[in-house]
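# A closer look at the structure
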Amino acid sequence: MGRAMCSFRALPFLLLAAAAAGCGGPEADPKSTDAYERYLGVTAELGSRPDAAGMAELVGLLNDPHYLVVVGVLEVLESIGDPVFLQHAATGLQHKHPLVRHYACRMIATLRL
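Residues numbered from 1 in each chain as written. Predicted model: local features only at pLDDT ≥ 70, side-chain atom pairs only at ≥ 80, totals over all residues. Heavy atoms only, no water.

## Some details on the overall build of the chain
As a reminder of what qualifies: A run of H or I in DSSP counts as a helix once it spans at least four residues, and a run of E counts as a strand once it spans at least two, with each numbered from the N terminus. Only protein chains enter the accessibility calculation, which uses a 1.4 Å probe; a residue is then buried when its area is under 20% of its type maximum, exposed when over 50%, and partly exposed in between.
Secondary structure summary: the chain contains six helices and zero strands in total. Ordered by position from N to C terminus, the α and β elements of the chain give α-α-α-α-α-α. Counting only residues that meet the buried cut, the chain has 32% of its 113 residues in that class.

## Section: the packing of helix α5 (residues 86-93) against helix α6 (residues 98-112)
Threshold: Whenever a helix is involved, its axis is fitted only over the stretch in contact; in every case the axis is a line through C-alpha atoms, and angles between N-to-C directions fall within 0 to 180 degrees. Working rule for angles: under 35 degrees goes down as roughly parallel, over 145 as roughly antiparallel, 65 to 115 as roughly perpendicular, anything else as oblique. In this scheme the handedness of a crossing depends on how the near helix is turned from the far one: anticlockwise by less than a right angle means left-handed, clockwise means right-handed. Contacts are residue-level and defined by heavy atoms, with any inter-residue pair within 4.5 Å sufficient. When residues are grouped by polarity, Ala, Val, Leu, Ile, Met, Phe, Trp, Tyr, Cys and Pro land in nonpolar, Asp, Glu, Lys and Arg in charged, and all others, Gly among them, in polar.
Where α5 contacts α6, the two axes come as close as 8 Å, and the packing angle between them is 155 degrees. Relative to α6, the element α5 lies roughly antiparallel. Crossing geometry of α5 relative to α6 is assigned as left-handed. Along the contact surface, α5 presents Leu86, Ala89, Gly92 and Leu93, while α6 presents Val100, Arg101, Ala104, Cys105, Met107, Ile108, Leu111 and Arg112. Looking at the contact of α5 with α6, its residues break down into nine nonpolar, one polar and two charged.

## Brief notes about the environment of Val71
Inspection of the secondary structure puts Val71 in helix α4 (residues 67-80). Residue Val71 is classed as buried on the basis of its relative accessible area, which comes to 2%. The sequence separation of Val71 and Leu99 amounts to 28 residues, and the corresponding C-alpha distance is 7.4 Å. Contacts of Val71, omitting those with residues within four sequence positions, involve Leu99, Val100 and Tyr103.

## Examining α4
Formally: Multiply 1.5 Å by the residue count of a helix minus one, and that product is the helix's expected span.
Between its terminal C-alpha atoms α4 stretches 20 Å, which fits the 20 Å expected from 14 residues at 1.5 Å a residue. With ten of 14 residues buried, α4 is to be regarded as a mostly interior element. Taken as a whole, α4 has its buried residues at Val69, Val70, Val71, Gly72, Val73, Leu74, Glu75, Val76, Leu77 and Glu78. Of the surrounding secondary structure, the elements contacted by the buried residues of α4 are α2 (35-45), α3 (52-60), α5 and α6. One or two steps after α4, the chain reaches Gly81, where phi turns positive at roughly 85 degrees.

Now the structure itself:
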């Protein structure tokens, strides 16, 4: 019993050491090699930049090889709500992953109403 208590007391110090070592979890970065970090970067960073450069980078990520990034782009374009972006949903309808096709349909339905 004494050994188990000892390991539980060390847990906060181990978590603190891991956080200090940079193990804080995924970060929003649209240029990351990790698909989830790119997804977070799309929804957090690029989604909050409505300028022309941000939109160009966002639309360019529709060709990302990972479906999660493409879903993030469609979510952001849908949230902007401009029917001009309907043309980009058409590429999502032809995607091989069903989740991307689902979000493309949802985007079309939302922007057409």
